[in-house]
Amino acid sequence: MSATLLDDSILVSHLDVKNESISNLITPKTANDIGDRIILIPQEINPCISDEELKTFFKKLSISYNVVVIVPSQHRANYWQDVADKTLSSANIYNGIISLKNRHIGLVVLINRYDGIDLADDACRILVIDGLPDIRRRIDKIEQTILAGSDKVNTKLIQRIEQGMGRGIRSRADQCAVFLIGHKLTDQLYSKGAINKFSPATQAQLNLSDRIAEQLRGSSLDKLEDLINLSIEHDPRWVKASKEAIVHLKYEQACKMDPIILQQRYAFNAATMGNYGKAIQAIQRAIDNADEPKIKGWLLQQLATYTNFLDPVRSQRIQKSAIESNPHVIHPIEGVNYTRLGTVPISQSKSCREYALRFENCDKYLLGMHAIIEDLVFLPETSEKFEEALNNVALSLGFIGQRPDAEYHKGPDNLWQINSEKFLVIECKNGSTDDEIIKRYCDQLSGHMNWFEEEYRSNAIATPIIIHPVNVFSKDCSPHPKTRVLNQGKLSELRCALEAFSKAISSNENFGDIKTIEEALKHFDFTHGNFVNKYTLRYEVKQDR
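Caption draft 1: Geometry of the overall build of the protein. Across its full length, the protein holds 24 helices and 14 strands. A compact globule built from 545 residues would reach a C-alpha radius of gyration of about 24 Å, and the protein, at 26 Å, matches this within 12%. If you line up the protein on its principal axes, its C-alpha atoms span 70 × 60 × 50 Å. Within the protein, buried positions represent 52% of all 545 residues. Pairs at least 24 residues apart make up 71% of the contacts formed inside the protein by residues separated by at least 6 positions. Of the roughly 26,000 Å² of accessible surface on the protein, a fraction of 49% belongs to carbon and sulfur atoms.

The structure is reproduced here in structure tokens:
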């Protein structure tokens, strides 16, 4: 039983429920049994609203109401620590929920609890979903890396977010103001189009909230208080509009079944019985239904796995073809030939303009840039997000970017081509907590320079860069003499400059204007001649005392 089961395929994939059972699911006659919610996305209303402004805003509201903030991790909980009246984790959540139900506490932070929590009525009048849910299980992390940005991953994220949004209303008579915040989350909803994956009732409430909030576009947070009170204080005009928005909604009677998941389950069941031929046929049918290259590559890898039981040689050929669709799947035993970056076809400013115009408008461009900047942090176990963000930084500034280690299992974490001859060979150690750059990291960067010289045997010139909290190598290191370091301070400078740059080129009247982009690239030292000197440091080697 679930209120947020938008895709019945999970009944097949996880529980092996048969088709005839799914076709007879019990569903309510109407979908208007949801409580009264106003759903606001402040950083879509105004992309310039900062996290600090939001934190101050919610602390102010918590004087009058219980405000519950759901965060994905302990790291994000630490950000709220200075304003939180209580932080609830698995160790103290039971007593904390009881306290919320019995009295006014203020601002309460919940760590990674998007379901299984009942916060009816005054226990939670304002609910905040801060950022994208965190992936905990190792198998889910692997899948998210392989399928990042795909429809499958987006659907899972939205279902998790919607589960969290349901914590604040537990009956038709309940009311709650829901805020979705964080640039990554906002970008996922709008730039990636995931907002259309919410349930019909949530979409109806979102559309109503958007129509009302539209008149406040570009405004400060203070203007949102009146909107919040419409819902929380049960304003008759709001209640009427809210009920009318969902009164005619009905649950779809026909089951929603993903044909790919159905065939995957058939294949798994066949393989467990030793019938690998039947498993291969089922996965091939799934591949035939796949439209997205990432999904196709992921399915081809599964085809290779089943084929390996019967024909290991053919399995390796299939795995090699899987790489062509999705470079993040497992590489075949013989490896994959590296594809060099080509020549820079147009000017930096034109490439920068092309990247910006991929977004529908300047607001979505700003959301996308904020989402990239949000991942540029020194934090353990965030290397995948960091390296992908760094690659997008290259593209956003009009350079060419590549992730050789992720795509070919050889070479540096990131490779930037900043003009026809100059390259940046980048090793990312953003998860390091060492107070010096250790020898292993130094040797890795030197090895990547050797790899570059072997792959690019022309007039190409590379600058080795290591990203690490400090710019001091341990005394047993012998860094490449051209090595530069992007340390904690320089990363902060880069983040600030990227934010200012994106604002400078994204005003309505200047969005996509080449001259504006050229001037901004020069002003923030993002041109190929200035970037390295501005945003990296010379290294030091620790000396014996």
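Moving on, there is more to tell.
Caption draft 2: Geometry of the environment of Lys59. Following the sequence through the fold, Lys59 ends up in helix α4 (residues 51-61). Given a relative accessible area of 28%, Lys59 falls into the partly exposed group. If we ignore the near neighbours within four places in the chain, the residues touching Lys59 are Val83, Asp85 and Leu107. In this structure the side chain of Lys59 is engaged in a polar contact, spanning 3.1 Å, whose partner is the side chain of Asp85.

Caption draft 3: Just unusual backbone geometry, in detail. Unusually for a residue other than glycine, Asn112 sits at a positive phi of about 55°. The topology assignment puts Asn112 in the loop between β4 (107-111) and β5 (126-130). A positive phi is found at Asp121, a non-glycine position, where the angle reads about 55°. When you line up the elements, Asp121 lands in the loop between β4 and β5.

Caption draft 4: Region of interest: the pairing of strand β8 (residues 414-417). Burial along β8 is two-sided: the face carrying Asn414 and Trp416 and the face carrying Leu415 and Gln417 are both buried. Here β8 folds back onto strand β9 (residues 422-428) in antiparallel fashion, the turn holding 4 residues.

Caption draft 5: View of helix α10 (residues 200-213). Under the 1.5 Å per step criterion, the end-to-end length of α10 is 20 Å for 14 residues, consistent within 8% with the ideal 20 Å. Residues Ala201, Thr202, Ala204, Gln205, Leu206, Leu208, Ser209, Ile212 and Ala213 constitute the buried set of α10. Those residues of α10 that are buried are in contact with β1 (36-40), α3 (42-45), α8 (151-165), α11 (225-232) and α12 (236-246).

Caption draft 6: Fine view of the pattern of salt bridges. For the structure on display, the rule yields 24 salt bridges. In this structure, Asp51 and Arg76 form a salt bridge, with 3.0 Å as the shortest nitrogen-oxygen distance. With a gap of 25 residues between them, Asp51 in helix α4 and Arg76 in helix α5 (residues 74-79) connect regions that are remote in the sequence. Each of the salt bridges in this network shares a partner with another, and the network as a whole consists of Glu384, Glu387, Glu388 and Arg403.

Caption draft 7: Region of interest: the sheet that holds strand β7 (residues 400-402). Overall, mixed pairing links the 6 strands, which are arranged β7-β8-β9-β10-β12-β13 in an open sheet. The sheet terminates laterally at β7 and β13 (537-538), the two strands that pair on one side only. Relative to the sheet, helix α19 (residues 383-396) contacts β7, β8, β9 and β10 (461-467), its axis offset from that of β8 by approximately 5°.

Caption draft 8: Seen up close, the packing of aromatic side chains. One pass over the full model with this rule turns up 25 aromatic pairs. Considering the side-chain rings of Tyr79 and Trp80, the 6.1 Å spacing of their centres and the 90° angle between planes classify their relative orientation as edge-to-face. Considered together, Tyr79 and Trp80 belong to a single accessibility category, that of buried residues. Summarising the aromatic geometry, the rings of Tyr338 and Trp451 are spaced 4.9 Å apart at their centres and angled 75° between planes, so their arrangement reads as edge-to-face.

Caption draft 9: Inspection of the sheet that holds β4 at higher detail. Pairing is parallel across the open sheet formed by 6 strands, whose spatial order is β1-β6-β5-β2-β4-β3. Here the strands that pair on one side only, and so sit at the sheet edges, are β1 and β3 (86-88). The average angle at which neighbouring strand axes cross in this sheet is 20°, direction not considered. Inspection of the sheet shows β1 paired to strand β6 (residues 175-181) by 5 bridges, in the parallel sense. Pairing of Ile38 across the sheet is with Ala177, part of β6. Against the sheet, α4 makes contact with β2 (67-71), β4, β5 and β6, and its axis sits at roughly 165° relative to β6, the strand it touches most.

Caption draft 10: Highlighting the confidence of the model for the protein. Considering every residue of the protein, the mean pLDDT works out to 88; 92% of them sit at 70 or more. Taking the mean pLDDT of every element in the protein, the minimum, 64, falls on helix α2 (residues 19-22) and the maximum, 97, on strand β12 (residues 484-486).

What counts, and at which threshold
Residues numbered from 1 in each chain as written. Predicted model: local features only at pLDDT ≥ 70, side-chain atom pairs only at ≥ 80, totals over all residues. Heavy atoms only, no water. Helix = DSSP H or I, 4+ residues; strand = E, 2+ residues; numbered from the N terminus. Rg over C-alpha atoms; globule rule 2.2 N^0.38 Å. Buried < 20%, exposed > 50% of the residue type's maximum accessible area, 1.4 Å probe, protein only. Contact = heavy atoms within 4.5 Å. Areas by Shrake-Rupley, 256 points an atom, 1.4 Å probe, with all protein chains shown as cover. Polar contact = N/O pair within 3.5 Å; in protein donor to acceptor, adjacent residues only side chain to side chain. Pairing = 2+ DSSP bridges. Expected span 1.5 Å × (residues − 1). Salt bridge = Lys/Arg side-chain N within 4 Å of Asp/Glu carboxyl O. Axes fitted to C-alpha atoms, helices over the stretch in contact; angles between N-to-C directions. Phe/Tyr/Trp six-rings, centres within 6.5 Å; stacked < 30°, edge-to-face > 60°. pLDDT = per-residue confidence, 0-100.

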